[in-house]
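Each chain, written out:
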Amino acid sequence: MNTRRSLLAALGGLGAINLAAPFARAASRPGTRDQGGSPRIRGGSGAVVLSTWDFGAAANDAAFAKMRAGGSLLDAVEAGAMVPEADPNNHSVGYSGYPDRDGHVTLDAVIMDDAGGVGAVAALEDTVHAISVARRVMERTPHTLLVGEGATRFARDQGFPQQSLLTPESQKAWREWLKTSKYQPEANSENRSTRTPGGALDHDTIGLLARSADGRMAGACTTSGMAFKMRGRVGDSPQVGSGLYVEAGVGGATSTGLGEEVTRVAGSARVVASMRAGATPQQACEEVVRHIATLRGAAIRGVQVGFLALDTNGNVGAYCLLPGFTYAVTDASGATSVLKARSLFKA
Ligand code: ASP
């Protein structure tokens, strides 16, 4: 274990990790660590990038590089989200996402800053970078959300390259699925190490939150949603307040997992509301997960839902229903750590 990782583990056990601490020097790619104890993380005064799942590490690096090069927070979260969107091995973000039950790959994405800027697309087809289309909705239309055919046409009219998003591998997985047509979302399929490509109802979402050194915030969330979903199904990810929420002077939150369980409680907005009322990001993530569990009881058995939160001081929170939700944190030095969130249930 390198020094950085040892310190993260030790400090995690003590209940606080200062992401701006002077020991955080070189960019690192440690293995996933269990946070243990209290997972409160202090960000200190520097920039912080936080994202869902282990594959978020590469996205964080891209986001951080963008900030370091002088890009805005929106530039940063967009650049981060574009990494898994273009990854052919990631089967539910962007290109090569698993299709809906009719064989169409449809993408959902939202981008948001803390000045009221919001853009989103849902059920977008034929464009790899849904997050960039979402940003275009924010910057070039009077609207906050375009869906389906309208979103697809908007992307085409805006000059985004058009291509099929369905790869032979994803098509094969879909054909396999058609043999049973059983819709049974699998918890934690996002973790690359445990994934069986094409063999399960894979779902991935990347939710990113970024904070600049002066405490400004932005976020992005992009996904192709639940594999083999009904045509027209839209999950939590592109819905402001469910998959993502950012508020000036408070912070931001993002979610992953079975979107319907997040949408029914407007999960990310709830996390931010708790923080506004004085909760730490960790307390706020725990509150919403407990609320979902209480509300849904047996209906969420075996279901994964995870939340990340980042406040304007750089403090991080992470919590989920089931063990296995991982996330990536990049601190002011550019060092990235992948951590395991604590969960409400043991399994
Ligand atoms: N939340 C996403 C959705 O329901 C999927 C995921 O995060 O795995 O569309």
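What counts, and where the lines are drawn
Residues numbered from 1 in each chain as written. Predicted model: local features only at pLDDT ≥ 70, side-chain atom pairs only at ≥ 80, totals over all residues. Heavy atoms only, no water. Helix = DSSP H or I, 4+ residues; strand = E, 2+ residues; numbered from the N terminus. Buried < 20%, exposed > 50% of the residue type's maximum accessible area, 1.4 Å probe, protein only. Contact = heavy atoms within 4.5 Å. Areas by Shrake-Rupley, 256 points an atom, 1.4 Å probe, with all protein chains shown as cover. Axes fitted to C-alpha atoms, helices over the stretch in contact; angles between N-to-C directions. Parallel < 35°, antiparallel > 145°, perpendicular 65-115°, else oblique. Nonpolar A, V, L, I, M, F, W, Y, C, P; charged D, E, K, R; others polar. Expected span 1.5 Å × (residues − 1). Left-handed = near helix turned anticlockwise from the far one by under 90°. Pairing = 2+ DSSP bridges. pLDDT = per-residue confidence, 0-100. Phe/Tyr/Trp six-rings, centres within 6.5 Å; stacked < 30°, edge-to-face > 60°. Salt bridge = Lys/Arg side-chain N within 4 Å of Asp/Glu carboxyl O.

Trainee: Mind showing me how you'd approach the overall build of the chain here?
Mentor: Helix and strand counts for the chain stand at nine helices and 16 strands. In the chain, which comprises 347 residues, the proportion classed as buried is 59%. For the chain, contacts bridging at least 24 residues in sequence account for 66% of all contacts bridging at least 6. Carbon and sulfur atoms provide 52% of the accessible area of the chain, an area that totals close to 12,700 Å².

Trainee: In this structure, what is going on with the packing of helix H3 (residues 73-86) against helix H4 (residues 130-140)? I would like to understand it.
Mentor: Across the interface, H3 lies against H4 with an axial gap of 8 Å and an inter-helix angle of 150°. As judged from the angle between their axes, H3 and H4 are roughly antiparallel. Taken together, the residues of H4 that come into contact with H3 (itself represented by Leu74, Asp75, Glu78, Ala81, Met82 and Glu85) are Ala130, Ile131, Ser132, Arg135, Met138 and Glu139. Of the residues contributing to the contact of H3 with H4, the split by class is six nonpolar, one polar and five charged.

Trainee: Sorry, what's going on with helix H9 (residues 281-296) here?
Mentor: Each turn of an α-helix holds 3.6 residues, which means side chains three or four residues apart point in the same direction. The end-to-end C-alpha distance of H9 is 23 Å, a good match for the 22 Å that 16 residues give at a rise of 1.5 Å each. Of the residues making up H9, those classed as buried are Pro281, Gln282, Ala284, Cys285, Glu286, Val288, Val289, Ile292 and Ala293. As for H9, its buried residues are in contact with helix H7 (259-263), helix H8 (267-276), strand E12 (305-311), strand E13 (316-320) and strand E16 (342-343). Phi turns positive one or two residues past the end of H9, at glycine 297, with a value near 50°.

Trainee: Looking at this model, I keep getting lost on the packing of helix H2 (residues 56-68) against H3. Mind explaining?
Mentor: Two packed helices can be described by the angle between their axes and the distance between those axes. Remark: H2 packs on H3, axes separated minimally by 7 Å, with the N-to-C direction vectors making an angle of 150°. Comparing their axes, H3 and H2 come out roughly antiparallel. Note on packing geometry: the crossing formed by H2 with H3 is right-handed. Contacts between H2 and H3 involve Ala58, Ala59, Ala62, Ala63, Lys66 and Met67 from the first element and Leu73, Asp75, Ala76, Ala79, Gly80, Val83 and Pro84 from the second. By residue class, the composition of the contact of H2 with H3 is 10 nonpolar, one polar and two charged.

Trainee: How should I be thinking about the pairing of strand E10 (residues 244-247) in this particular structure?
Mentor: On any regular strand, side chains alternate: one points to one face of the sheet, the next to the other face. Here E10 runs beside strand E11 (residues 251-257); their pairing, made up of four bridges, is antiparallel. Bridging from a neighbouring strand, valine 246 pairs with glycine 252 of E11. Between E10 and the antiparallel strand that follows it, E11, lie three residues; glycine 249 among them carries a positive phi value of about 80°.

Trainee: Please explain the confidence of the model for the chain as it appears in this structure.
Mentor: Atomic detail in the predicted coordinates should be set aside for any region of low pLDDT. Summarising the model, the chain shows a mean pLDDT of 85, and 82% of its residues fall at 70 or more. Taken as a whole, residues 1-43 scores under 50 in pLDDT and shows 99 contacts with residues more than four places along the chain or in a different chain. Throughout residues 192-203 the model reports pLDDT below 50, and contacts reaching past four residues in sequence, or to other chains, amount to 44 contacts.

Trainee: Please explain the packing of aromatic side chains as it appears in this structure.
Mentor: Aromatic ring pairs are reported here in terms of the distance separating the ring centres and the angle at which the planes meet. In the structure shown here, the tally under the stated rule is four aromatic pairs. Taking the centre distance of 5.1 Å and the plane angle of 70° together, the rings of tryptophan 53 and phenylalanine 325 count as edge-to-face. A residue pair is termed long-range when its members are at least 10 positions apart, and tryptophan 53 in the loop between strand E4 (48-52) and H2 and phenylalanine 325 in the loop between E13 and strand E14 (326-330) qualify at 272 residues. The two residues tryptophan 53 and phenylalanine 325 agree in class, both being buried. Between phenylalanine 325 and tyrosine 327, the ring centres sit 6.4 Å apart and the planes meet at 40°, which makes this aromatic pair tilted. The same class applies to phenylalanine 325 and to tyrosine 327, which are both buried.

Trainee: Explain the pattern of salt bridges here, please?
Mentor: A side chain with one charge may pair with a side chain of the opposite charge, provided their charged atoms come close. By the definition in use, this model includes 14 salt bridges. One salt bridge in this structure joins glutamate 176 and lysine 179, with 2.6 Å as the shortest N-O distance. On the basis of relative accessible area, glutamate 176 is assigned to the partly exposed category, the value being 42%. Of the charged contacts in the structure, one is a salt bridge between glutamate 260 and arginine 233, with a shortest N-O distance of 2.8 Å. Residue glutamate 260 is found in helix H7, and its partner arginine 233 is found in the loop between strand E9 (217-223) and E10; the two are separated by 27 residues along the sequence. Its relative accessible area of 30% is what places glutamate 260 among the partly exposed residues.

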